[in-house]
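# Chain and residue survey
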Amino acid sequence: MRRLLLGSAIAMLGMFFAAPAMANPTPATGYLELCKYSDQTAPVTGPFTFTVTDGSYSSTQTVTTGTCTSPFQVPVGTATVKEQSVPYASVTGISALPSGNLVPGSVHLGQGGSAQFTITGGDQSTATTAEFTNKELTGYIEICKQAVPGSGLTGSFQFAISGAMGYKQNVTVPVGACSDSIQVPAGSVIAQENPGSSTYVVSITSTAGFTTLPMGWTSNPDLLNARASVPVAAGDTSAETILTFTNSPSVLKLCKAVTDSSLLGVNYPFTVNGSPISVPAGLAPNATCEIVPGIFTAGTTVNIAEGVVPGTDVKSIVVTPSGREVAGSNNPSARTDSVVLGSGETIVTYTNEPAPPGTLKICKNAGPGVMLGQEFTFTVAGQSLQVPAGYCEIAGTFPFNSTQTITETPTPGYAVTAIVASPANRLASANPAGGTGSVTIGSGITQIQFTNALNFFSTVGGSGGGTGTTGTTGTTGTTGTTGATHSTGTSVSVGSAASSGATAHAHIKSARLIKRNGQHYLVLLVDGPNAQAHLRLSELAKNGKLIRRTMLVVETGATQTVRIPFSSAVHTIRLAVVS
């Protein structure tokens, strides 16, 4: 009995010492490293994605071409490594380090290639390296450009083509033609018409080499951005994808509406970037529209101005889509607006309303030699109007936006020196030499002002009637003049060059004052070494007080008759040569 117990004790002791050996089994994990290489006959670039599975274990790894992952832990056993399938690359080789860790018969090449690898237990020094080599798969695409029939669109258009692995290329295609076949990475390829030269793209169609479209590809092109993504099948030109862009010029539509039926039937004139076009009016809210002729590309800035239609005013200018209007350009009072054209139609609608007539005021400004209150005669719209110098007269009311021409009747001895308007932007034209000015009638008062001055070179001599003499202290001469001429009671005294302080040698040979038809003139004969002489004319009252002093420029060597300012208060006129 004691022996049995001892044997049992020895057996139990043996089991006790054997326990530590059972707690150290073979390690359950090892290491795997993935490497991606490029086939030199058709190189690939960029990252590739792999899935690694081993029983219930699964992970995803991404590897850039020409690099390897860091070793990562996977369960000991057999791991399946599969490359994610892409249309632009195919697996041409799979190997392992150590080479014996590649499971025989497990290699599957081509797109989405895979193989099995043996994973042994241990640290990173015992890692299995899985090596995948890929080559590029290519196909062909052809870009065609068409125009909407009758649109008149011509020229060439630029396209940017992009594809997998960073592929980029630009191509130019004329309207009505196609590019050469372009080799691109197989799969999804994007073609973008250059926005800087594009017109309105109305359709993008494709004939693809795929019998069924790849997953994720949409058949809906982006017309607004002139862009399409299309599938390209791997293979030669017999399977190429043909992509056709059809364009039409961007359309500018100009519309005209009026708020009152009395304005219907009126053709309103416009200029579009300087080119004329007219649009008949429709009764608001309905408008009559015209397509502006010409080829406009997207991005073109167009300046629009409505011409003058008397009796009407622009109430509003509306642009559709509103985002195409140039900021700050909408100006109904000036009848102008500007837009930047986009794809499809850009619509600009002008709405006009009847406008009340405006008032025209004619003013006369007294310039040098013109006496306040002296009357001048004007004609406007067939009527005659007298305006005293220094004053204004109302000429009447005229249709809003109408252009009225005002003409001053010439007054002997005086010339128009300036014509201005208030507000200044209503002056349509000014011709002081011809004595005419035109204004555009606006709301309220439109004022035009003529300035006159004594014309010292106005000759009134001629042949005919007799000439009387005046009581003068100078030499009395004669001149042939027309009309009735009368003597005056005002004396003319002639000073010398020395008395005036001048150093020139001109001198007055004769000077006399005459009155004809209510106007006063000096008949002068001045000699001198120069073609012209400068005289100082002083008008004195009976008590000798200076009333006015005027400078005269006269020709020498010939008798001249010049009109001078004059008032009944003048008793003596004193002349002196100053040069």
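Here the structure is a predicted model, which means the values were calculated and not measured. (Residues numbered from 1 in each chain as written. Predicted model: local features only at pLDDT ≥ 70, side-chain atom pairs only at ≥ 80, totals over all residues. Heavy atoms only, no water.)

### Let's talk about the nonpolar core
What counts, and what does not: Only buried residues count toward a nonpolar core, which is a set of Ala, Val, Leu, Ile, Met, Phe, Trp, Tyr and Cys residues joined through side-chain atoms within 4.5 Å. Exposure classes here rest on a 1.4 Å probe applied to the protein chains alone. A residue is buried below 20% of its type maximum, exposed above 50%, and partly exposed in between. Numbering goes from the N terminus for both helices and strands, where a helix is a DSSP run of H or I of at least four residues and a strand is a run of E of at least two. In this analysis, two residues are considered to be in contact whenever any of their non-hydrogen atoms come within 4.5 Å of each other.
If you look at the biggest cluster of nonpolar residues, it comprises 24 residues, and the most contacted ones within it are Leu32, Leu34, Val52, Val81, Phe117 and Phe132. Of all the secondary structure elements, the ones that give two or more residues to this core are β1 (29–38), β2 (47–54), β4 (72–75), β5 (77–83), β6 (89–97), β7 (114–119) and β8 (128–136). The element contributing the most residues to this core is β6, with four residues. Excluding residues within four positions of it along the chain, Leu32 makes contact with Val52, Ser70, Pro71, Phe72, Val74, Val81, Ile119, Thr128 and Ala130. Formed by 22 residues, the second largest nonpolar core is a distinct cluster that contains Ile277, Phe296, Ile317 and Val339.

### Side note on the environment of Ala430
Along the chain, Ala430 falls in strand β33 (residues 427–431). A relative accessible area of 42% places Ala430 in the partly exposed class. For Ala430 and Phe450, which are 20 residues apart along the polypeptide, the C-alpha to C-alpha distance reads 9.9 Å. Leave out the neighbours within four places in its chain, and Ala430 touches Ile419, Thr436 and Gly437.

### Some words on the sheet that holds strand β34 (residues 436–440)
Convention followed: Pairing between two strands is assigned when DSSP locates at least 2 bridges connecting them. In this analysis an axis means a line fitted to C-alpha atoms, helices contributing only their contacting stretch, and an angle means the value between N-to-C directions, from 0 to 180 degrees.
Taken together, five strands build an open sheet; the order of strands is β29-β28-β31-β34-β33 and the sheet is antiparallel. Both edges of this open sheet fall to β29 (383–388) and β33, since each of them pairs with a single strand only. When strand polarity is set aside, the average angle formed by the axes of neighbouring strands in this sheet is 20°. The pairing of strand β28 (residues 375–380) with strand β31 (residues 403–408) spans three bridges and is classified as antiparallel. What sits directly across from Phe378, in β31, is Glu408.

### Regarding the pairing of β4
Where a strand is regular, its side chains alternate between the two sheet faces. Residue alternation in β4 divides its side chains into a buried set, Phe72 and Val74, and an unburied set, Gln73 and Pro75. Where β1 and β4 come together, four bridges link them in antiparallel fashion. By the bridge assignment for β4, Thr29 is matched with Pro75.

### What to know about the sheet that holds strand β23 (residues 301–306)
Across the sheet, four strands lie side by side as β20-β19-β23-β25; this open sheet has antiparallel pairing. Each edge of the open sheet is held by one strand with a lone partner, namely β20 (275–280) and β25 (336–340). Adjacent strand axes in the sheet meet at a mean angle of 30° when their direction is disregarded. In the sheet, strand β19 (residues 267–272) pairs with β20 via six bridges, with the strands oriented antiparallel. In the sheet register, Phe270 faces β20, and the bridge partner there is Ile277.

### Some points on the side chain of Asn352
Heads up, the condition is: Pairs of N or O atoms within 3.5 Å make up the polar contacts considered here, provided that, within protein, one atom can donate a hydrogen while the other can accept it, and that residues adjacent in sequence are counted only when both atoms are side-chain atoms.
By the secondary structure assignment, Asn352 is in strand β26 (residues 345–354). Of note is the side chain of Asn352, whose polar atom sits 2.4 Å from the side chain of Lys256. The residues contacting Asn352, other than those within four sequence positions of it, are Lys256, Ala257, Val258, Thr259, Leu263, Tyr268, Glu306, Thr312, Asp313, Val314 and Lys315.

### With respect to the state of the cysteines
Defined as follows: Any cysteine sulfur atom paired with another within 2.5 Å is treated as part of a disulfide.
All told, the structure shown has four disulfides when counted by the stated rule. Paired through a disulfide, Cys35 and Cys68 show a sulfur-sulfur distance of 1.9 Å. Between Cys35 and Cys68, the S-S torsion sits near 110°, and that sign places the bridge as right-handed. With Cys35 in strand β1 and Cys68 in the loop between β3 (57–64) and β4, the pair connects residues that are 33 residues apart, well separated along the chain. Under the relative-accessibility criterion, Cys35 is labelled buried at 3%. Listing the disulfide partners of the chain by sequence rank of the bonded cysteines yields 1-2, 3-4, 5-6, 7-8.

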